[in-house]
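Here is how the chains run, residue by residue.
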Amino acid sequence: MNIVVFIKQVPDVPNIRIDEQRMTIIREGVESIINPLDCVALQAALELREREGGRITVLSMGPPQSEEALREALAAGADKAILLTDSAFAGADTLATSHVLARAVSKLRPFPDLLLCGMQTIDSDTGHVGPQIAEELDLPQVCGVNEIHVDGDLLVLKRLSEGFLDTIRAPLPALLTVSKELCPVSDLSLGAVEAAFTQKDIIRWAAHDLGLHPDEVGLAGSATHVRKLRQPAARTGGRIVTGSPQSIVDALIRKLESMSILDEED
Ligand SMILES: Cc1cc2nc3c(=O)[nH]c(=O)nc-3n(C[C@H](O)[C@H](O)[C@H](O)COP(=O)(O)OP(=O)(O)OC[C@H]3O[C@@H](n4cnc5c(N)ncnc54)[C@H](O)[C@@H]3O)c2cc1C
C-alpha cells in the first residue's frame, strides 16, 4: 500500500508572531514543530505499512525550514520526503494550499492508495485542507477517523461523531483525516534522527515543477483575503474562590457585576 502523509510544520503556538502589514503569520525564524495530528497520521501509516507492505511518502508545503519537519518524518520511518517550496506559495489560504498539495499528489507514480492528513492544525486550525485535496483529486474522504483496517480493496474505518461510533467502508484510493484517538506516537531514536539529517535526501518541487502558474498559488491564487489579524491577549492568571457555597456564589456575582457581565438587577 502506497501512502502519502501530509505534514505541516507549525509554529509552537505561544511563539506565533504576526506581520501586520501583510496580515500574515511570520513563520521564518520561529521555533516550529510538526503539527501533532500529522505525527498521529504518520504513526498510523507506519503501522499500516508494517501490516500491508508498501511505501510512505511525506509531503509538505512550506518555507525552506519545513525541511526539518520532513527530516523528522524520515527519522520516524517514512521512505521519501517531498518539500513544496517556492516564494510564490507564500500567503496561501487553505484553497491555494490544497491546490498545490493536490497537484503534487497527482504527479506521484504510482498514484497513492491512501492519503492521510491530520484532522486540523494547531495554528490555522480550519480542517479545510484534507477535504479540499480530496475534492480536487475526486477521491472519497472520511474525516476524524480513529481506527483504520484494510479489507482487500476496502477500508473499514471507525470514527466518533456526536457520541455515536460510526463504522464506514470506503473504497481505495481515499483520503482520511485522523483524530488524536487513532494511535499513540512513538519516540524517535537518536540514531534515526542523525541518519535522517545527514544521509537522507529531500526532493524539492517549486511551482514550475508542478506546472502551476504564479497566479494559481500563494496570495494571488487565494480565494479569501485576510482583512485583520491580531495577536490574542496573553491570559492573566485565574483566581480560585474558596469558602462556603454561599460565599463563593456571592463572590462570583460581585466579580461578574464589577466586570459589567451581570447587571445588579439580574
Ligand atoms: C482566509 C485565510 C487566509 C490565509 N492567509 C494566509 C497568509 O496570507 N499567509 C499565511 O502564511 N497563511 C495564511 N493562511 C493560513 C494557511 O492558509 C494555512 O496555514 C494552510 O492553508 C493550512 O491551513 P490549516 O492550518 O487550517 O490546515 P488544516 O486544514 O487545519 O490542516 C489539516 C491537515 O492538512 C495538512 N496540511 C495543512 N497544511 C499543510 C501544508 N502546508 N503542507 C502539508 N500538509 C498540510 C496536514 O496534514 C494538516 O494536519 C490563511 C488561512 C486562511 C483561512
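Predicted, not measured: the structure shown is a model, and the values here were computed from it. (Residues numbered from 1 in each chain as written. Predicted model: local features only at pLDDT ≥ 70, side-chain atom pairs only at ≥ 80, totals over all residues. Heavy atoms only, no water.)

K.L.:
Mind showing me how you'd approach the sheet that holds strand β12 (residues 164-171) here?
P.N.:
Pairing between sheet strands relies on hydrogen bonds along the backbone, with the strands arranged either parallel or antiparallel. The three strands lie next to each other as β10-β11-β12, forming an open sheet whose pairing is antiparallel. Two strands in the sheet have a free side with no partner beyond their single neighbour: β10 (147-151) and β12. Each adjacent strand pair in this sheet contributes to an overall mean axis angle of 20 degrees, direction not counted. As judged from the five bridges shared by β10 and strand β11 (residues 154-161), these two strands associate in the antiparallel manner. (Pairing = 2+ DSSP bridges. Helix = DSSP H or I, 4+ residues; strand = E, 2+ residues; numbered from the N terminus. Axes fitted to C-alpha atoms, helices over the stretch in contact; angles between N-to-C directions.)

K.L.:
So what exactly am I meant to see when it comes to the packing of helix α2 (residues 67-76) against helix α5 (residues 190-198) here?
P.N.:
Angle between the axes and distance between the axes are the two parameters that describe a pair of packed helices. Remark: α2 packs on α5, axes separated minimally by 8 Å, with the N-to-C direction vectors making an angle of 130 degrees. Of the possible angle classes, the one that applies to α2 and α5 is oblique. Considering the relative orientation of α2 and α5, their crossing is right-handed. Along its contact with α2, which presents Glu68, Arg71, Glu72, Leu74 and Ala75, the element α5 presents Ala192, Val193, Ala196 and Phe197. Classifying every residue of the contact of α2 with α5 by side-chain character gives six nonpolar, no polar and three charged. (Parallel < 35°, antiparallel > 145°, perpendicular 65-115°, else oblique. Left-handed = near helix turned anticlockwise from the far one by under 90°. Contact = heavy atoms within 4.5 Å. Nonpolar A, V, L, I, M, F, W, Y, C, P; charged D, E, K, R; others polar.)

K.L.:
Where do I start with the site of the ligand in this structure?
P.N.:
Within the structure, the ligand sits among 30 residues, and Lys8, Asp38, Thr121, Thr126 and Gly127 are positioned closest to it. The contact in question runs from an oxygen atom of the ligand to an N or O atom on the backbone of alanine 92, over 2.8 Å. Valine 129 is positioned such that a nitrogen or oxygen atom in its backbone is 2.8 Å from an oxygen atom of the ligand. Isolated, the ligand exposes 950 Å² of accessible area, and the fraction of that covered by the protein chains is 90%. Broken down by secondary-structure element, the contributors of at least two residues to the shell around the ligand are β6 (56-61), α3 (94-107) and β8 (114-118). Considered class by class, the residues forming the shell around the ligand number ten nonpolar, 14 polar and six charged. (Near = heavy atom within 4 Å. Polar contact = N/O pair within 3.5 Å; in protein donor to acceptor, adjacent residues only side chain to side chain. Areas by Shrake-Rupley, 256 points an atom, 1.4 Å probe, with all protein chains shown as cover.)

K.L.:
Sorry, what's going on with the packing of aromatic side chains here?
P.N.:
The relative placement of two aromatic rings is captured by the distance of their centres and the angle of their planes. Evaluation of the coordinates by the stated rule reveals zero aromatic pairs. The ring of tryptophan 205 carries the charged tip of lysine 107 above its face, separated from the ring centre by 4.6 Å. (Phe/Tyr/Trp six-rings, centres within 6.5 Å; stacked < 30°, edge-to-face > 60°. Lys NZ or Arg CZ within 6 Å of the ring centre and 35° of its normal.)

K.L.:
Which parts of the structure should I look at to understand helix α1 (residues 36-52)?
P.N.:
The α-helix winds at 3.6 residues per turn, so residues separated by three or four positions along the chain end up facing the same way. The terminal C-alpha atoms of α1, which comprises 17 residues, lie 24 Å apart, in line with the 24 Å expected from a rise of 1.5 Å per residue. Along α1, the residues classified as buried are Leu37, Asp38, Val40, Ala41, Leu42, Gln43, Ala44, Ala45, Leu46 and Leu48. Residue glycine 53 follows α1 closely and has a positive phi angle near 80 degrees. (Expected span 1.5 Å × (residues − 1). Buried < 20%, exposed > 50% of the residue type's maximum accessible area, 1.4 Å probe, protein only.)

K.L.:
What exactly am I supposed to notice about the domain arrangement of the chain here?
P.N.:
Reports often express the size of an interface as the amount of accessible area lost when the parts come together. Domain boundaries assigned for the chain yield domain 1 (3-216) and domain 2 (235-266). Using only C-alpha atoms to locate each centre, domain 1 and domain 2 end up separated by 45 Å. (Domains from an automatic or database assignment.)

K.L.:
Please clarify how the packing of α3 against helix α4 (residues 129-137) should be interpreted in this entry.
P.N.:
Here α3 crosses α4 at 50 degrees, and the two axes come no closer than 8 Å. In terms of axis orientation, α3 runs oblique to α4. The crossing of α3 and α4 is right-handed. Listed contacts from α4 to Thr94, Leu95, Thr97, Ser98, His99, Leu101, Ala102, Val105 and Ser106 of α3 are Val129, Gln132, Ile133, Glu136 and Leu137. In terms of residue class, the contact of α3 with α4 is built from seven nonpolar, six polar and one charged.

K.L.:
Any chance you could explain the environment of proline 112 here in plain terms?
P.N.:
Considering the arrangement of structural elements, one finds proline 112 in the loop between α3 and β8. The class of proline 112 is buried, set by a relative accessible area of 4%. Along the chain, proline 112 and valine 4 lie 108 residues apart, while their C-alpha atoms are 6.6 Å from each other. Discounting residues that sit within four places of it in the chain, proline 112 has contacts with Asn2, Val4, Val105 and Pro173.

K.L.:
Which parts of the structure should I look at to understand a nonpolar patch on the surface?
P.N.:
On the surface, a nonpolar cluster with roughly 280 Å² of combined accessible area is contributed by Leu256, Met259 and Ile261. Residue position: leucine 256 is located in helix α6 (residues 245-258). (Patch = residues over 30% accessible without salt bridge, like charges linked within 9 Å, V, L, I, M, F, W, Y side chains within 5 Å. Salt bridge = Lys/Arg side-chain N within 4 Å of Asp/Glu carboxyl O.)

K.L.:
How do you make sense of the side chain of serine 179 when you look at a structure like this?
P.N.:
Here serine 179 shows up in the loop between β13 (174-178) and α5. Using a relative accessible area of 6% as the deciding quantity, one classes serine 179 as buried. In terms of polar contacts, serine 179 uses its side chain to reach the side chain of glutamate 181, at 2.9 Å. When sequence neighbours within four positions are dropped, the list of residues in contact with serine 179 reads Leu37, Val40, Met119, Gly144, Val145 and Asn146.

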